[in-house]
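Analysis of the macromolecular model
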Amino acid sequence: MKLGKRWLPAHILVWTYAVLLIVPLYYFLASAFKSNEEIFAHPFALPESLGFGNFRTAYDSADLGTAVVNSALVTVLALALTLLLALPAAFALARSTGRLASAMEKVFSLGFLIPTFAALFPTFLLAAATGLFHTRLFMVFFLPATAMPLSVVILVQFMRTIPREMEEAARMDGASTYTVLRHIYIPMCLPGIATVLLLNFLTFWNEYLYSLIIIGPDPEQRTVQVALPTLKAITGTDYGVLTAGTVLTLIPVWVVYTVLQKRMQQALINGAVKA
Amino acid sequence: MTTLTSPPGGAAIRHPAPPATTGRTGTPRQGGTILAVPALVWYAVFMIGPVIAIFVIAALHWPGMLQPVSFAGLGNVRTVLDDPVFWDAVRNTAVQLAVALPIMIVCAYMLGYYVAQKPPGHRVIRYLLFIPGLISTPAKAMVFYAALSPDGLANGALQSVGLGSLTDAWLASPSTALACLIALDVWSGIGFTAVLFAARLDSVPDDLGEAAQLDGAGHWRTMWRIHFPVIRDYVGVVTMLQFLWTLFGSAQHVLLLTQGGPGSSSTTLSFLVYQKAFIAADLGYSQTVGVILFLAGLVGLLAIRRAFRQNY
């Protein structure tokens, strides 16, 4: 379709919004290299030097190093557990035709209607009852449950596209159920697995409220999202340090996004649509 | 989206397993369902159980973690309904939804349509639009804190263009605190939602729009009269999502930016659930609001579903 002159207002509006997205982020990035005086005097100027002093202060004062390790641990273990639970489940649901299986699938799809946030307090009680309160371990157990509906539904969709003859041929050769899953289904739905991994990486890494309540403020255990807001209290109004700390927590996600841009968008779009 | 369309013939290939095969291969699909049980159990323990617990706790009188618990029946409901703070929260939540949702969906749809036409620079736009979707809630809150605090970006910008009289302590002023929270939702929500719409519009065949344009329809008409009805269902799904995110997700923004204040001017329902549970330790109250929130979510979902149903 041709875009005529009458599109001028549209171009202007869209780029205005783009500027509204960039300016705060630019301000953020620039401020991370500035002192407070520099920020207030010239909010939009490029920083005079590219020293990493603010980053070091943020890193040290909020224990961001430990927090990043904690976040990485929680994210990776929860991702592994999600796949460990969701793959066999999706495999079973994709192959079976029974009434029980379709009921189970319905339960998972209904899960989208449950807003996780609503159950914050009961989950806190559960953590206390299991003796896992104030531990990262509970989050490792809990996060996969929140990811289960989406992960199972996406994986079932992918697995349904695998022709049945593949499995039947393998069965002729004496393959067990496990072998079929391991050597046929998993390799053939790698794109689906990647989608699930990316989607959940983003939610797990960015999870805030539950981590705040369950893991709590202990610097040894807390994740990076919980550590980040404490900078506001620690540094008072040292915007340089505050922004530097925030930028640090964004780097992993931003790197993954830039490298896997296409795939990431696809993953999120798939995820949102199924929800 | 193409990756997810299941093959139409998927069911057709199924045929009875030949009886000649050995016992193991003759029952390839039986006994497999059990593999779904661990995931289901996990899901039930960590998600379904806690959700049911909300309803139970809502019927309890529980004035603090270490206090004795007694059955309250509908007593909590009465307490909640008599509390002016609750009604402030209802009003704030209603305002938030009524302002944020229409702006977000309409702007995002138009933006998505724009991107889907592949104008010059659409790749850059697509990349940028997505960024708020990647940023964690605390990071977004930090961005807004730095922008809106008394000596932050917004006031700095106003001062530098000579509008110093308009500066305000945006997050600490009763008249603007809620507006700031709504602005945060809209700022970060439009781009992400637009990418979703653009992806869906990409799969609408090009000749549909071209035919309309040959018939003399302008872009505005094509956008609203041709493309919008085609993806109407999808708009409904995205609206439902945004509705849920706004309704339940606002607790985090409020907690990080305004703590519900000043007074109760920016207390939303979901923040009230958090605040009563973890700050005021009035657990019965908190979970009663939780139940109300849950029901509001359900009613809202059904209403949105109805509003977007094909009605021609």
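These remarks concern the structure in this document. (Residues numbered from 1 in each chain as written. Chains lettered and ligands numbered in written order. Predicted model: local features only at pLDDT ≥ 70, side-chain atom pairs only at ≥ 80, totals over all residues. Heavy atoms only, no water.)

Our next topic: the interface of chain A and chain B. Opposite the 105 residues of chain A that make contact, chain B presents 99 residues. Contact between chain A and chain B buries roughly 9,300 Å² in total, counting both sides, with carbon and sulfur atoms accounting for 77%. For the pair chain A and chain B, the interface holds zero salt bridges. Here the element with the most residues in the side of chain A that touches chain B is helix α1 (residues 8-31) of chain A; it accounts for 14 residues. For the side of chain A that touches chain B, the residue count by class is 72 nonpolar, 22 polar and 11 charged. (Contact = heavy atoms within 4.5 Å. Buried area = accessible area lost by both parts, 1.4 Å probe. Salt bridge = Lys/Arg side-chain N within 4 Å of Asp/Glu carboxyl O. Helix = DSSP H or I, 4+ residues; strand = E, 2+ residues; numbered from the N terminus. Nonpolar A, V, L, I, M, F, W, Y, C, P; charged D, E, K, R; others polar.)

So, about the packing of aromatic side chains. Under the defined criterion, the tally for this structure stands at 32 aromatic pairs over all chains. Centre to centre, the rings of F108 of chain A and Y43 of chain B are 5.8 Å apart; their planes meet at 45°, and the pair counts as tilted. Taken as a pair, F108 of chain A in helix α5 (residues 99-110) and Y43 of chain B in helix α2 (residues 37-58) lie in two separate chains rather than in one. Considered together, F108 of chain A and Y43 of chain B belong to a single accessibility category, that of buried residues. Ring geometry for F121 of chain A against W62 of chain B: centres 6.0 Å apart, planes inclined by 75°, an arrangement best described as edge-to-face. One end of the pair, F121 of chain A, is in helix α6 (residues 120-129); the other, W62 of chain B, is in the loop between β1 (60-61) and β2 (70-71), on a second chain. Accessibility classification places F121 of chain A together with W62 of chain B in one group, the buried group. (Phe/Tyr/Trp six-rings, centres within 6.5 Å; stacked < 30°, edge-to-face > 60°. Buried < 20%, exposed > 50% of the residue type's maximum accessible area, 1.4 Å probe, protein only.)

Okay, the pattern of salt bridges next. Enumeration according to the criterion identifies six salt bridges over all chains in this entry. Among the ionic pairs, R95 of chain A bridges to E167 of chain A, the shortest N-O distance being 2.8 Å. Of this pair, R95 of chain A sits in helix α4 (residues 64-95) while E167 of chain A sits in helix α8 (residues 164-172), and the two are 72 residues apart along the sequence. Overall, the relative accessible area of 2% leaves R95 of chain A in the buried class. We classify E167 of chain A as buried; its relative accessible area is 4%. One salt bridge in this structure joins R91 of chain B and D88 of chain B, with 3.7 Å as the shortest N-O distance. Here R91 of chain B pairs with D88 of chain B, and both are found in helix α4 (residues 84-116), just three residues apart, close to one helical turn. Assessed through its relative accessible area of 48%, R91 of chain B is described here as partly exposed. Using a relative accessible area of 24% as the deciding quantity, one classes D88 of chain B as partly exposed. If you follow the salt bridges from partner to partner, you end up with R95, E167 and R171 of chain A in one network.

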